[in-house]
Amino acid sequence: MKKCLVILFVCFSSSTFAQEKYWQQEVSYTIDVALNDQAKTLKGSEQLVYKNNSPNTLDFIWFHIWPNAYKQESTALFQQLKNDTTRAKKMEKYTYGSIDGLNFKVNGKKAITEAHPNPQYIDIIKVKLATPLKPGASVNIATDFNVKLPSYFSRSGFADGEFMVCQWYPKPAVYDKDGWHEFPYLDMGEFYSEYASFKVNITLPSDYVVGATGVLQNADELTAYKTIGAKNAANRTGTPVLYQPLNKNATKKLTYEINNVPDFAWFAAKNFVIQYDTAKLASGKSVDAFTYYHNKKETLWNNSIDYAKDAVKHYSKWIGEYEYPVVQVVEGPANNSSGGMEYPTITLITSPDAKKESLDAVIAHEVGHNWFMSMLGSNERKHTWLDEGLNSYFQFRYEAEKYRSNSLFGDAIPEQVKQLPEPEFSSRIYQVMGSIPMKSAIETPADKFSSSDEYGLISYVKTALWLHLLENEVGREKMDKAFQHYFSLWKNKHPQPEDLKAAFEASLGTNLDAYFKLLDKEGSFK
């Protein structure tokens, strides 16, 4: 998630041994959902197959039912928002949301469910298994659900005729070597989800344009999006070609599919302008790129397709190849300026588009989360830096290479500094970053920060500075190889801080004990 930033050597056999012990659970979803755009509700059903790859027998599965976080003032979400003065604007005016109609069945039989013992956690439910789920076995779980969407003041909801449908379906909590991670939904503090395959059928009024995780399976709709989008990408200064319904039916059903991703989100609006192109990667792979934005005169989103493509190319070169067939970027509602929020293959951008450099940077950051959130699925609630900070390190390089700019400092960067070669420019930027008071330790769980400002400075900026210290020691080429080794070992898995350390040590051939101890250091690194 992008918050506005203007404000010991380990031998090969040892790392291989660690990999052999690793396991993770597996989920496969089939979801049907219908949007009532007048009532601002969803009516859905889901069937999932949950495979227990752990060495333990399970008697129950915790499920996140996160729309209930928006249900009442006593939830963990509302308590956090009320206790953080930097988020006061979000609470000026809002409507509630919720999920109901749940009727869990396990292998076709009605399941017993239990509420979480913490009364603030009404967005978590325990589904009991009548027959214990042994290691290697699978279970079929199904439920209906109805969602009342809230107004858009956190991540999911509606605003200005646009629907942001995020964290919306019942989802098993992660079960890993440390046990269950059944934490509640929070605004400051993100997610940790099992890798899964998705087939999602979305029914909604025919005049909506939809962007969603995965690949659109409706050939006629996909062709229309590509044809219209290519025309708009080629003619960016003229009147855009707008989507028209392909049939006279009141509704349409769109199907999206994707494998091996940790989440599914979708966005819909009637006024989206579509741009389409392909990003050609160094290996020869072609990635479909779409952007969806509001039809406004002289909008900088006219060039958004270039920014999405550039981000995919840069991150693929630096870290490892983008493995998905599509990348998408969506402009969010005009009344929210929080920055953006990422999901696999698609991201929402809500920061103002006043300058091309800032819009390009926030798009690059959010697209970058396809690496640091999706392909590298760390626990964002416990180790937020492992996602946001690593991503910010590469975002800052992206900005420096393209514009000699930095989102943290904006127009405050002197012109003579902007004239420096990129390595010297970046060095100067990080020197100034090092002078910013940043008290908390990097290894602070997301929900333990006192404010969103502190969360942003530590998780994003202090972590990027920490990585730059190592780059100064080993050089950028070795730093990139270390990241590439980490990516190759942990792609589509749930890496922990110790896994990053082991991968870096193996790649660099050096002991990093002292360096990684800095993660627990309060104050500056000096």
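Residues numbered from 1 in each chain as written. Predicted model: local features only at pLDDT ≥ 70, side-chain atom pairs only at ≥ 80, totals over all residues. Heavy atoms only, no water.

1. Some thoughts on the packing of aromatic side chains
Thinking step 1. One pass over the structure, following the stated rule, counts 52 aromatic pairs.
Thinking step 2. Between the aromatic rings of Y276 and F290, the centroid separation amounts to 4.8 Å while the plane-to-plane angle is 40°, which identifies the pairing as tilted. Highlighted residues: Y276 in strand β21 (residues 272-280) and F290 in strand β22 (residues 286-294), separated in sequence by 14 residues.
Thinking step 3. Residue classification places F290 among the buried residues on the basis of a relative accessible area of 5%.
Thinking step 4. These aromatic residues form a ring-pair network of at least three members: Y315, W318, Y322, Y324, W371, F372, Y393, F394, F483 and F504.
Thinking step 5. When the ring centre of F60 is taken as reference, the NZ or CZ atom of K126 above it lies at 4.2 Å.
Thinking step 6. Sitting over the ring of W318, R397 keeps its end group 4.8 Å from the ring centre. (Phe/Tyr/Trp six-rings, centres within 6.5 Å; stacked < 30°, edge-to-face > 60°. Helix = DSSP H or I, 4+ residues; strand = E, 2+ residues; numbered from the N terminus. Buried < 20%, exposed > 50% of the residue type's maximum accessible area, 1.4 Å probe, protein only. Lys NZ or Arg CZ within 6 Å of the ring centre and 35° of its normal.)

2. Digging into the pairing of strand β3 (residues 41-51)
Thinking step 1. Side-chain alternation along β3 places L42, G44, E46, L48 and Y50 on a buried face and T41, K43, S45, Q47, V49 and K51 on a face that remains uncovered.
Thinking step 2. Sheet topology places strand β2 (residues 26-36) next to β3; eleven bridges connect them, and they run antiparallel. Each residue of the ladder has a partner; that of V27, found in β3, is Y50.
Thinking step 3. As consecutive antiparallel partners, β2 and β3 are separated by four residues, and within that stretch K40 has a phi angle of approximately 60°, a positive value.
Thinking step 4. Where β3 meets strand β10 (residues 138-148), eleven bridges bridge the pair, whose relative direction is antiparallel. From the neighbouring strand, T41 faces β10, where its bridge partner is K148. (Pairing = 2+ DSSP bridges.)

3. Let's talk about the pattern of salt bridges
Thinking step 1. Per the stated rule, a full pass over the model turns up 21 salt bridges.
Thinking step 2. A salt bridge links E73 to K82; the nearest nitrogen and oxygen atoms lie 2.4 Å apart.
Thinking step 3. Here K82 falls in the partly exposed class, since its relative accessible area comes to 47%.
Thinking step 4. Note that E422 and R476 form a salt bridge whose closest N and O atoms lie 2.9 Å from each other. In this pair, E422 is assigned in helix α9 (residues 422-433) and R476 in helix α11 (residues 476-490), connecting sequence segments 54 residues apart.
Thinking step 5. By sharing partners, the salt bridges in this structure join K177, D178 and E498 into a single network. (Salt bridge = Lys/Arg side-chain N within 4 Å of Asp/Glu carboxyl O.)

4. Some words on the packing of α9 against helix α10 (residues 452-474)
A pair of packed helices is captured by two measures, namely the crossing angle of their axes and the spacing between those axes.
Thinking step 1. For the pair α9 and α10, the least separation of the axes is 10 Å and the interaxial angle reads 125°. Comparing the axis directions of α9 and α10 gives the class oblique. Handedness of the α9/α10 crossing: left-handed. Where α9 abuts α10, its residues S427, Y430 and M433 lie against V461, A464, L465 and H468.
Thinking step 2. Along the lines of polarity and charge, the residues of the contact of α9 with α10 split into five nonpolar, two polar and no charged. (Axes fitted to C-alpha atoms, helices over the stretch in contact; angles between N-to-C directions. Parallel < 35°, antiparallel > 145°, perpendicular 65-115°, else oblique. Left-handed = near helix turned anticlockwise from the far one by under 90°. Contact = heavy atoms within 4.5 Å. Nonpolar A, V, L, I, M, F, W, Y, C, P; charged D, E, K, R; others polar.)

5. Comments concerning the sheet that holds strand β13 (residues 171-172)
Strand pairs in the sheet, formed through backbone hydrogen bonds, run parallel or antiparallel to each other.
Thinking step 1. Taken in spatial order, the four strands make up an open sheet running β8-β9-β4-β13, and their pairing is antiparallel. What marks the edges here is a single partner per strand, and that holds for β8 (113-115) and β13.
Thinking step 2. Bridge count for strand β4 (residues 58-64) against strand β9 (residues 124-133) is six bridges, and the pairing is antiparallel. In the sheet register, F63 faces β9, and the bridge partner there is I125.

6. Details of the side chain of Q80
Thinking step 1. Assignment of secondary structure puts Q80 in helix α2 (residues 76-83).
Thinking step 2. Accessibility expressed as a relative area gives 11% for Q80, which makes it buried.
Thinking step 3. If we skip the residues at most four places from it in the chain, Q80 touches L186, D187 and M188.

7. Overview of the sheet that holds strand β12 (residues 162-165)
Thinking step 1. What the four strands build is an open sheet, ordered β11-β12-β20-β17; its pairing is antiparallel. Whereas interior strands pair on both sides, the edge strands pair on one side only; in this sheet they are β11 (157-159) and β17 (209-212). In this sheet, adjacent strand axes meet at a mean angle of 15° when their direction is disregarded.
Thinking step 2. Relative to β12, β11 runs antiparallel, the two being bridged by three bridges. Bridging across to β12, G157 finds its partner in M164.

8. Topic: the confidence of the model for the protein chain
Thinking step 1. Taken over all residues, the pLDDT of the protein chain has a mean of 93, while the share at 70 or more is 95%.
Thinking step 2. A low-confidence stretch, residues 3-19 (pLDDT under 50), is modelled with 31 contacts involving residues beyond four sequence positions or located in other chains. (pLDDT = per-residue confidence, 0-100.)

9. A few points about the environment of D100
Thinking step 1. When you line up the elements, D100 lands in strand β5 (residues 98-100).
Thinking step 2. With a relative accessible area of 45%, D100 lands in the partly exposed category.
Thinking step 3. Those residues in contact with D100 that lie beyond four places of it in its chain are F145 and N146.

10. Observations concerning the environment of T384
Thinking step 1. Examined against the element boundaries, T384 turns out to sit in the loop between α6 (370-375) and α7 (385-403).
Thinking step 2. Taking relative accessible area as the criterion, T384 reaches 1% and is therefore assigned buried.
Thinking step 3. The contact partners of T384, leaving out residues within four places of it in the chain, are N379, G389, T444, A446, F449, Y455 and S459.

11. Examining the pairing of β12
Thinking step 1. Residues E162 and M164 line one face of β12 and the alternating positions F163 and V165 line the opposite face, and both faces are buried.
Thinking step 2. Connecting the antiparallel pair β11 and β12 is a turn made up of two residues, with D160 showing a positive phi of about 55°.
Thinking step 3. Across three bridges, the pairing between β12 and strand β20 (residues 266-269) is antiparallel. Opposite F163, over in β20, you have A268 as the bridge partner.

12. Things to note about the nonpolar core
Thinking step 1. If you look at the biggest cluster of nonpolar residues, it comprises 164 residues, and the most contacted ones within it are W168 and W266.
Thinking step 2. If near-sequence neighbours (up to four positions away) are discounted, W266 is found in contact with V33, L35, L42, F163, M164, V165, W168, I202, L204, V210, G211 and A212. (Core = buried A, V, L, I, M, F, W, Y, C linked by side-chain atoms within 4.5 Å.)

13. Observations concerning the packing of helix α4 (residues 304-318) against α7
Thinking step 1. Two numbers describe how α4 lies on α7: the axes approach to 11 Å, and their chain directions differ by 115°. The crossing of α4 and α7 is right-handed. The residues of α7 that touch α4, namely those facing Y307, D310, A311, H314, Y315 and W318, are N391, F394, Q395, R397, Y398, E401, K402 and Y403.
Thinking step 2. Its residues assigned to classes, the contact of α4 with α7 comprises seven nonpolar, three polar and four charged.

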